[in-house]
Amino acid sequence: QYPVFVANVDGQPKYIMALHGAGLWGPLWGYISVDSDRNTVYGADFSHQGETPGLGAEIAKPAFSNEFKGKKLFMDVTFKSIAVVKPGKSVAGQDYVDGISGGTITSQGVQAMLFNSLNGYVKFLTSQN
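Quick caveat, the model's predicted, so the values are computed rather than measured.

**Remarks on the overall build of the protein**
Thinking step 1. When helices and strands are counted, the protein shows 3 helices and 8 strands.
Thinking step 2. Taking 14 Å as the expected radius of gyration for a compact globule of 129 residues, we find that the protein reaches 14 Å, a close match to that expectation.
Thinking step 3. Along the longest, intermediate and shortest principal axes, the C-alpha atoms of the protein span 40 × 30 × 30 Å.
Thinking step 4. Taken across its 129 residues, the protein has 38% of its residues classed as buried.
Thinking step 5. In the protein, of all internal contacts separated by at least 6 residues, the share reaching a separation of at least 24 is 46%.
Thinking step 6. Per element, the accessible surface of the protein, about 7,000 Å² overall, is 52% carbon and sulfur.
Thinking step 7. Of the charged side chains in the protein, 10 are positive and 10 negative, and the gap between their average positions amounts to 4 Å.

**Topic: the sheet that holds strand E4 (residues 41-48)**
Thinking step 1. Spatial ordering of the open sheet is given by E1-E2-E3-E4, a layout of 4 strands whose pairing is antiparallel. Each of the sheet's edge strands pairs with one partner strand only, and the pair in question is strand E1 (4-9) and E4. The mean inter-strand angle of the sheet, taken between neighbouring strand axes irrespective of direction, is 25 degrees.
Thinking step 2. Pairing geometry for strand E3 (residues 27-34) and E4, over 7 bridges, is antiparallel. Bridge pairing links Gly30 to Phe46 in E4.
Thinking step 3. Across the sheet, helix H2 (residues 104-119) is in contact with strand E2 (12-22), E3 and E4; its angle to E2 comes to roughly 125 degrees.

**So, the pairing of E3**
Thinking step 1. As defined by bridge partners, E2 adjoins E3 across 8 bridges and the pair is classed as antiparallel. Among the inter-strand pairings, Ala18 is bridged to a residue of E3, identified as Tyr31.
Thinking step 2. Adjacent in sequence and paired antiparallel, E2 and E3 are bridged by 4 residues.
Thinking step 3. If you look at the hairpin formed by E3 and E4, you'll find 6 residues sitting between the two strands, and Arg38 has a positive phi there, around 60 degrees.

**Topic: the side chain of Ser65**
Thinking step 1. Looking at the element boundaries, Ser65 is found in helix H1 (residues 62-65).
Thinking step 2. Each residue touching Ser65, except ones within four places of it in the same chain, is listed here: Ala44, Asp45 and Phe46.

**Digging into unusual backbone geometry**
Thinking step 1. Its identity as a non-glycine residue notwithstanding, Arg38 has a phi of 60 degrees, on the positive side.
Thinking step 2. Position of Arg38 relative to the elements: it lies in the loop between E3 and E4.
Thinking step 3. Positive phi, close to 70 degrees, is recorded for Ser81, a residue that is not glycine.
Thinking step 4. Along the chain, Ser81 turns up in the loop between strand E6 (78-79) and strand E7 (83-85).
Thinking step 5. Given the relative accessible area of 2%, Ser81 is considered buried.

Cut-offs applied
- Along each chain, numbering runs from 1 in the same order as the chain's sequence is written.
- Restriction of local features to residues with pLDDT of at least 70 applies here, the model being predicted, together with a cutoff of 80 or more for giving and counting side-chain atom pairs; totals for whole chains, interfaces and linings are based on all residues.
- Values reported for side chains reflect all heavy atoms of the structure, with hydrogen atoms and water molecules removed beforehand.
- Going along the chain from the N terminus, every DSSP run of H or I of four or more residues is numbered as a helix, and every run of E of two or more is numbered as a strand.
- C-alpha atoms define the radius of gyration in this analysis, and the globule rule sets the expected value at 2.2 Å times the number of residues to the power 0.38.
- Note on classification: 1.4 Å probe, protein chains only; a residue is buried when its accessible area is under 20% of the maximum for its type, exposed when over 50%, partly exposed between these limits.
- In what follows, residue pairs with any heavy atoms lying within 4.5 Å of each other are defined as contacts.
- Only the protein chains shown count as covering a residue, and every accessible area follows the Shrake-Rupley method with a 1.4 Å probe.
- Positive charges are assigned to Lys and Arg, negative charges to Asp and Glu, while His and the chain termini are left out of the count.
- Working definition for charges: the position is that of NZ of Lys, CZ of Arg, CG of Asp or CD of Glu.
- Any two strands are treated as partners once DSSP identifies two or more bridges connecting them.
- Axis lines are fitted to C-alpha atoms, over the contacting stretch for helices. Their N-to-C directions set the angle, which ranges from 0 to 180 degrees.

Structure (structure tokens):
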């Protein structure tokens, strides 16, 4: 039902999934890839139509997307996604990254985009094939 792209990196498969959501001023989109365990984030890339430069638009920069590397989508075999929290805050029971300072609505949009988009991939992520 949802497209999954497969890349081979140093002999290991990486699974790439498309994301879409809404930010403060318009659509958000991106891709997230996971390692062969289908749980650990290998990389992420986000973009937007019209977020505020220097604030929400920061989601398109490597400083933000690199925070996702190594994060887990599942905790105790339950899909949790990845939370995007105010810098300096934390959340229990799931992996999280710092949101964009001054870009709260866009950060919340990224969090919702991750959960809603990846929820459609849970069947694939938990399958053995």
